[in-house]
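Overview (structure and organization)
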Amino acid sequence: MDYNLKIGGQILPVEADLKDDGTLLARIGEKSFTTRYQIISEKQIHIDVEGIGMNVYLADNDDGKLINIHGTTYLVQDADTLERSGTRKRSSKELPQEITPPMPSVVECIMVAEGDVVEKGQSVIMVSAMKMEVKLQAPFKGKVLKINVAEGDKVMPGQILMDIEREEEDERKTQEEITQEKEKI
Amino acid sequence: MFEKILIANRGEIVVRIIATCREMGIKTVAVYSDADRSALHVLEADEAVYLGPSAPAESYLNMDKIIAAAKQTGAQAIHPGYGFLAENYLFVQRCKDDGIVFIGPPAQAVRDLGDKTVARQTMINSGVPVIPGMMQAEADPDVLMKEAELIGYPVLIKAAAGGGGKGMRIVHSAGDLREATESASREAKSAFGNGAIYLEKYLHQPRHVEFQILADAHGNVIHLLERECSIQRRHQKIIEETPSTALTPKLREEMGKAAVAAARASNYVNAGTVEFLVDHDGKFYFLEVNTRLQVEHPITEMITGIDLVRQQIEIAAGNPLKFSQADIVGRGHAMECRIYAEDPLSAFLPSPGKIHFLNEPKGPGIRNDSGVYSGYTVPMEYDPILSKLITHAESRQECINRMSRALKDYAVLGVLTPIPFLKDILSSEAFIKGETYTDFIDKHFAEWHPAMEGVDLACIAYIVDTMANHRAKNNFIQTDGESYSPWQTLGNFRP
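Keep in mind the model is a prediction, meaning the values are calculated, not measured.

**A look at the overall build of chain B**
Looking only at helices and strands, chain B features 17 helices and 22 strands. On C-alpha atoms alone, chain B measures out to a radius of gyration of 24 Å, which is about the 23 Å that the 2.2 N^0.38 rule sets for 495 residues. Each of the three principal axes of chain B carries a C-alpha extent, and together these read 85 × 55 × 45 Å. The 495 residues of chain B split such that 52% are buried. Sequence separation of 24 or more characterises 64% of the internal contacts of chain B that already satisfy a separation of 6 or more.

This is how it looks when you write it as structure tokens:
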């Protein structure tokens, strides 16, 4: 079996070959690994990689597997499946273009009203989780069309809390930005 | 001795207090909010009383409901844990008025020491050195501006009712002061119900060193050595250790004496912590007294062998201390790492959610004070602390090695934790050398990225699990409500 696995922002091509004796041969990029394994429970496997044994803990997540190696948890995803399902994560350099919380949180304070014109970078809503407050800012100058939540609501990352219409005069858009916007639509 | 104690808190500290109560033959009552119906502290206690909605004001901070819960269950004493009502003198007084013993200091001491400006004055009067700064809280931004000029930048904004870094801001120039005071005051108001703030001189590269004290109702006051808590992020301690690498025996003795003097000056009774900053020249300054059990109390328990919660309960019951200063000896080295639900890769933002799986480290010299379990959903309403991992060993380096080992065995799946970050701190040269100042994280770990050394292994594990699942699905046909036929379950059994 061939896989393209996404982990920590990189995609690794992996060739896996399960032998009749239960040995797994894995080739990750240029490196080869001979592995023996035991399934201990639904959440634990024991792998022996090139003669070194270790416990690995794992759980299925919405879009991949959470895998814990030596105390560090990695999200490992099948890049091919991700592509098919159209899940696209924004790169960290790109500014968020929507008003969405960075963490599961509670809406503490809505700082604008529908119809308001907001400046780029203006704080529009404050959310909090575990006693930490985070202010969400307008990604561009524009008019607040609709506020989708109320103070006290629980919200999740990805949920659009507020619709802001980008003001037309924002003309100095690079061709690249326009292309990115089209992609999203 | 009390027969039953109510613990007015949530999470790991309640579980820890229950452990000692159980050893002392005391029954325990937990309290809980909507978000905490299946929290570990509720599952561990002998009895649990529902308080109300998740918002702290309607549950863990609601004095009427907590007093009513104590009366309803016949609890003779209340242990407040840390946070919530632990340092609220009105609550201490309320307990007294209602004939319930508060396991902590008397209301007057909580009140005086809780007001950081009064505490500073008390310390100055009794000859304990303090950091230059304002003597009282101030709300007027123009007055604050003048005070800041007098003290000289950089200044530190602190909440008069503060603790835990809430409402604290470092301000480097006059231009930033106004906004910083406003946001600090708002944060203080939401955390403590009191938005009063004051300014202090900000010391460069100090260490945070605190002394544990015990004072009984018979006038005996002793200290149980120090804890160094310089490794902080956003003014939140993340790693604590004892002994401090910065203290000579002479300095330890001086600071211990100052801590005892501070306790006496405020008529302190029960367990408390006197916090100091220590500068490069070995000069120390009084910071504040925490009138409660500290989060990091276990490291003191490890090196002294004294159960601080047991001492708190004995003192509250009116018993004298069974040991004197000369009996207190620290053995070996102890360290604590706080395990928060937070994302070390996204600016340590909170990471509430379901813990799919938890494997907690064990072995010699390892203690894990935890408030969570596999399958538990960490609520977004409260502090992000999941557990505290504590190690004890003969020497500092062995203690570091033990902590590193324990962190590698600590698997939390579902919510994110700073474990990879902590592992890297422990193996860093600066930490190993003991160069632990309060700017440690900013100086050495501001641009931290995980090593990603387990990437290949994670890929292998992914494939093993995928193949095993694939097989399992072919082998096991789910037959809800029916008993399994051996022909189905053993379908692909290979001899």
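**Regarding the overall build of chain A**
Across its full length, chain A holds two helices and 15 strands. Counting the 185 residues in chain A, one finds 26% classified as buried. For chain A, restricting intrachain contacts to residue pairs at least 6 apart in sequence, the fraction spanning at least 24 positions comes to 37%.

**As for helix H1 (residues 12–23) of chain B**
Residue and element names in this part refer to chain B. Counted at 1.5 Å a residue, the expected span for H1 with its 12 residues is 16 Å, and the 17 Å between its end C-alpha atoms agrees. Among the residues of H1, Glu12, Ile13, Val14, Val15, Arg16, Ile17, Ile18 and Cys21 are the ones counted as buried. Just past H1, the residue glycine 25 takes up positive phi, approximately 75°.

**A short note on the environment of B:Pro56**
All names here are of chain B. Topologically, proline 56 is positioned in the loop between strand E3 (47–52) and helix H3 (63–73). As a C-alpha pair, proline 56 and alanine 317 span 261 residues in sequence and 29 Å in three-dimensional space. Once residues lying within four places of it in the same chain are set aside, the contact partners of proline 56 are Leu61 and Phe84.

**Some points on the sheet that holds strand E1 (residues 4–7) of chain B**
Within a sheet, neighbouring strands are paired by backbone hydrogen bonds and run either parallel or antiparallel to one another. Residue and element names in this part refer to chain B. With parallel pairing, the five strands of this open sheet are ordered in space as E3-E2-E1-E4-E5. Each having just a single partner strand, E3 and strand E5 (101–102) make up the two edges of the open sheet. With five bridges joining them, strand E2 (residues 27–33) and E3 adopt parallel strand pairing. Following the sheet pairing, valine 29 is matched in E3 by glutamate 47. Strands in contact with H3 are E1, E2, E3 and strand E4 (77–79); relative to E3, the strand with the most contacts, it is inclined by about 150°.

**A short note on the confidence of the model for chain A**
Residue and element names in this part refer to chain A. With 84% of its residues at a pLDDT of 70 or more, chain A has an overall mean of 84. Predicted confidence for residues 87–95 stays below pLDDT 50, and this span has four contacts to residues more than four positions away or in other chains. Every residue in residues 173–185 is under pLDDT 50, and counting partners more than four places away or in other chains gives one contact.

**Observations concerning the domain arrangement of chain A**
What the domain assignment reports for chain A is domain 1 (2–85) and domain 2 (94–166). The gap between the C-alpha centroids of domain 1 of chain A and domain 2 of chain A is 38 Å.

**Brief notes about unusual backbone geometry**
In this model, B:Tyr153 is joined to B:Pro154 through a cis peptide bond whose omega is -5°. Locating B:Pro154 in the fold gives a position in the loop between helix H7 (141–151) and strand E6 (155–159). If you check the backbone angles, A:His70 has positive phi at about 50° while not being a glycine. By the secondary structure assignment, A:His70 is in the loop between strand E7 (64–69) and strand E8 (72–78). The class of A:His70 is buried, set by 20 C-beta atoms lying within 10 Å.

**With respect to the nonpolar core**
Counting residues in hydrophobic clusters, the biggest one holds 153 residues, and the most contacted among them are A:Ile67, B:Leu6, B:Ala262, B:Ala458, B:Cys459 and B:Ala461. Ignoring any residue separated from it by four or fewer positions in sequence, one finds B:Leu6 in contact with B:Val29, B:Val31, B:Ala69, B:Ala70, B:Thr73, B:Ala75 and B:Ile78. Of all hydrophobic cores here, the second largest spans 20 residues; its members include B:Ala160, B:Ala184, B:Phe192 and B:Leu199.

**Topic: the packing of helix H4 (residues 89–97) of chain B against helix H5 (residues 107–114) of chain B**
Packed helix pairs are specified by the crossing angle of their axes together with the interaxial distance, meaning the distance between the axes. All names here are of chain B. Packing of H4 against H5 leaves a shortest axis separation of 8 Å and a crossing angle of 175°. One element, H4, and the other, H5, form an angle in the roughly antiparallel class. In contact with Tyr89, Val92, Gln93 and Lys96 of H4, H5 contributes Ala107, Val110, Arg111 and Gly114. Here the residues of the contact of H4 with H5 sort into four nonpolar, two polar and two charged.

**Side note on the environment of B:Glu147**
Residue and element names in this part refer to chain B. Within the secondary structure, glutamate 147 sits in helix H7. Residue class for glutamate 147 comes out partly exposed when judged on the 19 C-beta atoms lying within 10 Å of it. Distance from glutamate 147 to histidine 41, taken between C-alpha atoms, is 45 Å for residues 106 residues apart in sequence.

**Description of the environment of B:Met255**
All names here are of chain B. If you trace the backbone, methionine 255 turns up in helix H9 (residues 249–265). Judged by the 25 C-beta atoms lying within 10 Å of it, methionine 255 is buried. Taking C-alpha positions, methionine 255 is 41 Å from serine 54, a pair spaced 201 residues apart along the chain. For methionine 255, the contacting residues outside a window of four places in its chain are Phe211, Glu226, Phe276 and Phe284.

Here is what the cut-offs are and how they apply
- Residues numbered from 1 in each chain as written.
- Chains lettered and ligands numbered in written order.
- Predicted model: local features only at pLDDT ≥ 70, side-chain atom pairs only at ≥ 80, totals over all residues.
- Helix = DSSP H or I, 4+ residues; strand = E, 2+ residues; numbered from the N terminus.
- Rg over C-alpha atoms; globule rule 2.2 N^0.38 Å.
- Buried ≥ 20, exposed ≤ 12 C-beta atoms within 10 Å, placed from the backbone.
- Contact = placed C-beta atoms within 7 Å.
- Expected span 1.5 Å × (residues − 1).
- Pairing = 2+ DSSP bridges.
- Axes fitted to C-alpha atoms, helices over the stretch in contact; angles between N-to-C directions.
- pLDDT = per-residue confidence, 0-100.
- Domains from an automatic or database assignment.
- Core = buried A, V, L, I, M, F, W, Y, C linked by C-beta atoms within 7 Å.
- Parallel < 35°, antiparallel > 145°, perpendicular 65-115°, else oblique.
- Nonpolar A, V, L, I, M, F, W, Y, C, P; charged D, E, K, R; others polar.

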